[in-house]
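Residues per chain are reported as follows:
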Amino acid sequence: SFYALNAGHVLGACMYVIQFGGRNILYTGDYSMEDDRHLMAAEIPKQQPDLLIAESTYGVQVHASRAEREARFTGTVERIVTRGGRCLIPVFALGRAQELLLILDEYWQANPHLHDIPIWYASKLASRALRVYQTYANMMNARIRQQMDIGNPFEFSFIRNLKSID
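A. Up close: the nonpolar core. The biggest cluster of nonpolar side chains holds 25 residues, and the ones touching the most others in it are Leu104, Trp108, Phe154, Phe156 and Ile159. Looking at this core, the elements that each hand over two or more residues are helix 1 (66–82), helix 2 (96–110), strand 5 (119–121) and helix 3 (124–135). With seven residues, the top contributor of residues to this core is helix 2. Residues contacting Trp108, with those up to four places away along its chain left out, are Val77, Val81, Leu114, His115, Ile117, Ile119 and Phe158. Grouped together as the second largest cluster of nonpolar side chains are seven residues, Leu5, Ala7, Val17 and Leu26 included.

See below:
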């Protein structure tokens, strides 16, 4: 038999517990053990696996805390734009764009001196993914589900979609 658990990597990512011959095997691709701005951390299986099969981009690398990474990111962006500069942030990973948009919109909301500085994103994939995220908000972390009770956290106050670059 087998069952799926939330992997916490991107929306809909899962890992599988396979019970075979009296053994528990946990099979997963990338996973995240830390809540982020919109997703829950990976679920931990009820029974300890006898065997783990995992693909992981970072392996055993230790990252700075989410708060530290966000502060470094938003601080860098703020320093650049308040000096009149522009930031171009290429984001190719599904889920990462949504995460960064949530971080930037919240940061702009908390810093009135940034309100007149526009943020644009140009990504058909990000736009499509935002629609999926809105549809499946029930699969996101408690923070996003609570925000959905009030309004849509993916309808940004300070970020606009650049629909065409023609």
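Next, the rest of the story.
B. Helix 1, seen in detail. In a regular helix each residue adds 1.5 Å, so 17 residues correspond to 24 Å; helix 1 covers 24 Å between its end C-alpha atoms and thus fits that length. Inspection of helix 1 places Glu70, Phe73, Thr74, Gly75, Val77, Glu78 and Val81 among the buried residues, and these make up the whole buried set. Structurally, helix 1 contributes buried residues whose contacts are with helix 2. Once helix 1 finishes, Gly84 follows within two positions and takes phi at roughly 90 degrees, a positive value.

The rules behind the values
- Residues numbered from 1 in each chain as written.
- Predicted model: local features only at pLDDT ≥ 70, side-chain atom pairs only at ≥ 80, totals over all residues.
- Heavy atoms only, no water.
- Core = buried A, V, L, I, M, F, W, Y, C linked by side-chain atoms within 4.5 Å.
- Buried < 20%, exposed > 50% of the residue type's maximum accessible area, 1.4 Å probe, protein only.
- Helix = DSSP H or I, 4+ residues; strand = E, 2+ residues; numbered from the N terminus.
- Contact = heavy atoms within 4.5 Å.
- Expected span 1.5 Å × (residues − 1).

Read these as layout, nothing more, since geometry by itself doesn't imply function.
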